[in-house]
Amino acid sequence: MKVPIKKERIFRIIVESDDFTFKYIVEKSELSKSFVSKVIKELEEKNILASENGKILVLNKEGLLREWASLKRKIFASKKPVKLFFILKERIRKIFSNYCISGTFAENLINGQTDGEEIIIYTNKLNLKLVRNYLSNKPNTFVYIYDPYILKSSWNFRGWKLCSIPQICADLLARGIYGDVAMD
């Protein structure tokens, strides 16, 4: 697993937790103490986090989300997704078993503020035989083989497995799509 994805795992834990300690982040992330410490210190230097009596406090949630989106841009730039096109998006549920979705389609399912065309699929395995017919040069679906940890915080909504709300927000901001919607 590459370092930006490890770092993203820490961001996800921080955003999804209200009250936490350094030990909690190390245990939940299953990452080394030194790596977690380095990331926490970076966020403290940016006045996003603060440590007090063994607890870590989020001082600036918007700043944390923006920092995560910045990291996510680097991840999207470095990873090469499988690019697919689906006219009937429901076929995704038949092709993928272990997945979660993000992007404007996920946001549209939740509150309908976007047009809902782009789908980001995170999965830890891909059956190339099943997706071969959907490969496209003009895709509406981007499949990333990803850290399986992202699936732990997924949830079901209207028959779809969605990424966590903070993950969807970070992805929207990272794509530069509907930044105001993501911040809301």
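Please refer to the structure higher up on the page.
Since the model is a prediction, treat every value here as computed from it, not as a measurement.

Draft legend 1. Spotlight on the pairing of strand β3 (residues 55-58). For strand β1 (residues 20-21) and β3, the ladder comprises 2 bridges, and the chain directions are antiparallel. Residue pairing across strands places T21 opposite K55, the latter belonging to β3. Turn length for the strand β2 (residues 49-52)-β3 hairpin, with the two strands adjacent in sequence and antiparallel, is 2 residues, and the turn residue N53 shows positive phi of about 50 degrees.

Draft legend 2. Quick look at the packing of helix α4 (residues 61-78) against helix α8 (residues 165-175). In contact at an axis separation of 8 Å, α4 and α8 are set at 65 degrees when each is read in the N-to-C sense. For the pair α4 and α8, the sense of crossing is right-handed. Of the residues in α8, those touching α4 at L65, W68, A69, K72, R73 and F76 are P166, Q167, C169, A170, D171, L173, A174 and R175.

Draft legend 3. View of the nonpolar core. I14, I25, F96, I101 and Y122 are the most contacted members of the largest nonpolar core, which has 59 residues in total. In terms of residue count, α4 provides more of this core than any other element does, 7 residues in total. Filtering out sequence-adjacent residues up to four positions away, I14 remains in contact with F20, I25, I40, L43, L49, V58 and L64.

Draft legend 4. Fine view of the sheet that holds β2. Taken together, the 3 strands give an open sheet; going across it, the order is β1-β3-β2, and neighbouring strands pair in antiparallel fashion. Looking at strand neighbours, the two that pair on one side only are β1 and β2, the edges of this open sheet. With respect to the sheet, helix α3 (residues 33-45) is in contact with β2 and β3, its orientation differing from that of β2 by roughly 110 degrees.

Draft legend 5. Here's a closer look at the pattern of salt bridges. All told, the structure shown has 11 salt bridges when counted by the stated rule. Across the pair E8 and R12 runs a salt bridge, and its minimum N-O distance is 3.5 Å. With a gap of 4 residues between them, E8 and R12 both fall in helix α1 (residues 3-16), about one helical turn apart. Comparing E8 with R12, the two get one shared label, buried.

Draft legend 6. Layout of the pairing of β2. For β2 and β3, the ladder comprises 4 bridges, and the chain directions are antiparallel. Bridge pairing links S51 to I56 in β3.

Draft legend 7. Local environment of the packing of helix α6 (residues 104-111) against α8. Taken N-terminus to C-terminus, the directions of α6 and α8 make an angle of 130 degrees; their axes are 10 Å apart at the nearest point. Classified by the angle their axes make, α6 and α8 are oblique. The hand of the α6/α8 crossing is left-handed. Listed contacts from α8 to T104, A106, E107 and I110 of α6 are I165, I168 and L172. Of the residues contributing to the contact of α6 with α8, the split by class is 5 nonpolar, 1 polar and 1 charged.

The rules we used
- Residues numbered from 1 in each chain as written.
- Predicted model: local features only at pLDDT ≥ 70, side-chain atom pairs only at ≥ 80, totals over all residues.
- Heavy atoms only, no water.
- Pairing = 2+ DSSP bridges.
- Helix = DSSP H or I, 4+ residues; strand = E, 2+ residues; numbered from the N terminus.
- Axes fitted to C-alpha atoms, helices over the stretch in contact; angles between N-to-C directions.
- Left-handed = near helix turned anticlockwise from the far one by under 90°.
- Contact = heavy atoms within 4.5 Å.
- Core = buried A, V, L, I, M, F, W, Y, C linked by side-chain atoms within 4.5 Å.
- Buried < 20%, exposed > 50% of the residue type's maximum accessible area, 1.4 Å probe, protein only.
- Salt bridge = Lys/Arg side-chain N within 4 Å of Asp/Glu carboxyl O.
- Parallel < 35°, antiparallel > 145°, perpendicular 65-115°, else oblique.
- Nonpolar A, V, L, I, M, F, W, Y, C, P; charged D, E, K, R; others polar.

Distances and angles like these do not, on their own, reveal function.
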